[in-house]
Amino acid sequence: MSHSISCLCLIVASAAFAVAQDSPAKTPATNEQPAAETKPADSPAAAAEKPAEPEAEKPQEQPAAEKPKQEAKPNKPAEDKKAAEEKKAAEEKKPEEKAAAKPADASPKSMTPIGYTDTQLLPGQPWRIHDLLRPRPRAVTPGADSPAAPPSDAIVLFDGTDLSNWGHQDSKVPGQYTPARWTVKDGYMESKRGTGYLCSLDNVGSCQLHIEWASPKKVVGDGQGRGNSGIKLWGAFEVQVLDSYNNRTYADGQAGAVYGQYPPAVNATLPPGEWQAYDVIYEMPEFDDDGKLTKPAYLTVFHNGVLLHHHRELTGPTGRANSKYSSHPPGGSIMLQDHGNPVRYRNIWVRPL
C-alpha cells in the first residue's frame, strides 16, 4: 500500500510540473513602457511578401501659381474721348496735309523699288546711280504762273494744233522718221503706249527750252511706274518727268532730276493732273577734230519757276549706267519718252544759244 501511495504522489507531482510548464510566466510590473510592436512591413519577411509602399513625400510649400496676365482693361470713356478728338483733328486737316501725313513707305508688296545698292558709283560723287540711301529733295510749293508765251525769236515745236514737227525714229532706216502717232487733243499731245520716243524733226544744239507737261489726274502705280516720261536733249541727256507728288522713289529719278546723275535741289512737283513747266538752259558738249571731249555738257533747270540745277556739269549721257562721251554732230533731236504712262505735253519752244 505504501508503494501505491508513493506512485500516486509521483503521478500528481508530474502532472503539476507539466501544468506549470504550459502556463506563461507573469512579468513583474515595472514603470517601463512596453516596446513598440514591429510593423510587418519593417521585417525582411514582410518586405519580401509585399513591395514596400513609397514613403509619402513631406508636403512642401508650393509657390503661389502665377495668375495669367490679363491685359489691362482700357478705360473706355477716356479712349472714346481721345479717338473722337483725333478724328476731329484729322477731319480739320487740309487735303494736302492729309496726303503729306501718309507714311512715305507703303507696303513693299505694292511698291516698285525706291532705290538700289548694287549699281555703279557716280564719277566724283559718293553716291551710286539711283542710290537707295541718297537723301531725297525737300518739297516746296511753286508760285502761281500762267503758261509762258514763246518770245519772238523762238522756234515753236508744238503749239497745240498738230505734230508736223515731230516723228518716230525709223528702226529700219537710221536717221529717218515715221509719222508721229501720239494723240493731239484740246491743245496738248499725249504719249501713246508702245509708240516709242517722239522726236523733234529739227536738230537743236545749245538752247533755251520751254516745255509744259502734266501727269495723269487719276493716280495709277507708284515709284517709277507713276506718270513717267522724260525729255532727252541731243538724244542723250535726260531731264526726268515723273509724278513726284507724294510719290517716293530714288532721288536721282524723280521729277526734275538729271536722270541717274543728280537729284533736283528741291521737289517742286504740283499735284497730279496739273500743268507744270520746265525751263532748261542746255550747253552741248564740244569735241576736237579727233573726237576728244574738250568741254562737257551743262544743264540749268527750273521747275515751275524754282531752280533745280545751276550750270550742272554732266558726266556723260544719262541712264542706269555710267556712259562716256562720244563725238556727235553739232545738234540733235529733242526726244519725249513713251514710258507707258499717258503723260501730256504742250507749249514747247526753243531759243538757240
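Residues numbered from 1 in each chain as written. Predicted model: local features only at pLDDT ≥ 70, side-chain atom pairs only at ≥ 80, totals over all residues. Heavy atoms only, no water.

**Topic: the sheet that holds strand E17 (residues 334-336)**
- What the 6 strands build is an open sheet, ordered E4-E3-E7-E17-E9-E10; its pairing is antiparallel. Strand pairing shows two members of the sheet lacking a second neighbour, strand E4 (177-179) and strand E10 (237-241), which therefore form its edges. Neighbour to neighbour, the strand axes of the sheet diverge by 35 degrees on average, direction disregarded.
- In this sheet, E10 lies alongside strand E9 (residues 229-233) in antiparallel orientation, the contact comprising 5 bridges. (Pairing = 2+ DSSP bridges. Helix = DSSP H or I, 4+ residues; strand = E, 2+ residues; numbered from the N terminus. Axes fitted to C-alpha atoms, helices over the stretch in contact; angles between N-to-C directions.)

**Quick word on the packing of aromatic side chains**
- Using the criterion set out here, one finds 7 aromatic pairs in the structure.
- Aromatic pair tryptophan 182 and tyrosine 345: ring centres 6.4 Å apart, planes at 25 degrees, arrangement stacked. Pair noted here: tryptophan 182 is in the loop between E4 and strand E5 (183-185) and tyrosine 345 is in strand E18 (residues 344-352), with a separation of 163 residues, a long-range link. Judged on exposure class, the residue tryptophan 182 and its partner tyrosine 345 are both buried.
- Among the aromatic residues, those joined into a ring-pair cluster are Trp234, Phe237, Tyr282 and Tyr325.
- Positioned above the aromatic ring of tyrosine 262 is the side chain of arginine 312, whose terminal nitrogen or guanidinium carbon lies 4.4 Å from the ring centre. (Phe/Tyr/Trp six-rings, centres within 6.5 Å; stacked < 30°, edge-to-face > 60°. Buried < 20%, exposed > 50% of the residue type's maximum accessible area, 1.4 Å probe, protein only. Lys NZ or Arg CZ within 6 Å of the ring centre and 35° of its normal.)

**A closer look at the pattern of salt bridges**
- All told, the structure shown has 5 salt bridges when counted by the stated rule.
- Residue aspartate 243 is joined to arginine 226 by a salt bridge in which the shortest nitrogen-to-oxygen separation is 2.8 Å. With aspartate 243 in the loop between E10 and strand E11 (266-267) and arginine 226 in the loop between strand E8 (207-214) and E9, this residue pair connects regions lying 17 residues apart in the sequence. Like aspartate 243, the residue arginine 226 is buried in the burial classification.
- The closest approach of N and O atoms between lysine 295 and glutamate 283, which form a salt bridge, is 3.3 Å. Of this pair, lysine 295 sits in strand E14 (residues 293-295) while glutamate 283 is found in strand E12 (residues 276-283), placing the two residues 12 residues apart along the sequence.
- Take lysine 295: its relative accessible area is 26%, and that puts it in the partly exposed class. (Salt bridge = Lys/Arg side-chain N within 4 Å of Asp/Glu carboxyl O.)

**Regarding unusual backbone geometry**
- A positive phi angle, close to 55 degrees, is found at histidine 130, a residue other than glycine.
- Secondary-structure assignment places histidine 130 in the loop between helix H4 (95-101) and strand E1 (138-139).
- In this structure, asparagine 246 is a non-glycine residue whose phi angle is positive, near 55 degrees.
- Relative to the helices and strands, asparagine 246 is located in the loop between E10 and E11.

**Side note on the side chain of serine 200**
- Mapping serine 200 onto the fold places it in strand E7 (residues 198-200).
- Only 2.9 Å separates the side chain of serine 200 from the backbone oxygen of aspartate 202, close enough to count as a polar contact.
- Setting aside residues no more than four positions away along its own chain, serine 200 makes contact with Leu157, Asn165, Trp166, Tyr177, Ser333 and Ile334. (Polar contact = N/O pair within 3.5 Å; in protein donor to acceptor, adjacent residues only side chain to side chain. Contact = heavy atoms within 4.5 Å.)

**Describing the environment of glycine 225**
- Checked against the element boundaries, glycine 225 lands in the loop between E8 and E9.
- Distance from glycine 225 to aspartate 243, taken between C-alpha atoms, is 9.1 Å for residues 18 residues apart in sequence.
- Beyond its immediate sequence surroundings of up to four residues, glycine 225 is in contact with Val220 and Asn341.

**What to know about the environment of asparagine 165**
- Considering the arrangement of structural elements, one finds asparagine 165 in the loop between strand E2 (155-158) and strand E3 (166-169).
- What makes asparagine 165 partly exposed here is its relative accessible area of 27%.
- The spatial distance from the C-alpha of asparagine 165 to the C-alpha of aspartate 202 is 7.3 Å, given a sequence separation of 37 residues.
- Contact partners of asparagine 165, with chain neighbours within four places excluded, come to Val156, Leu157, Cys199, Ser200 and Leu201.
- Engagement of the side chain of asparagine 165 in a polar contact is seen with the backbone oxygen of valine 156, the distance being 3.5 Å.

**Looking at the nonpolar core**
- Core analysis: the largest hydrophobic core is formed by 40 residues, its most contacted members being Met189, Leu209, Leu336, Tyr345 and Ile348.
- Residue assignment for this core shows that the elements contributing at least two residues are E2, E8, E9, E10, E12, strand E15 (298-303), E17 and E18.
- For this core, the element with the highest residue contribution is E8, accounting for 4 residues. (Core = buried A, V, L, I, M, F, W, Y, C linked by side-chain atoms within 4.5 Å.)

**A word on the pairing of E8**
- Summarising burial for E8: 8 of the 8 residues are buried, a large majority.
- Residue alternation in E8 divides its side chains into two sets, Cys207, Leu209, Ile211 and Trp213 and Gln208, His210, Glu212 and Ala214, and both sets are buried.
- Here E8 pairs with E18 via 7 bridges, running antiparallel. Within the sheet, the bridge partner assigned to cysteine 207 lies in E18 and is proline 352.
- Pairing analysis gives 7 bridges linking E8 to E12, with the strands arranged antiparallel. Of the residues in E12, the one forming a bridge with tryptophan 213 is glutamine 276.

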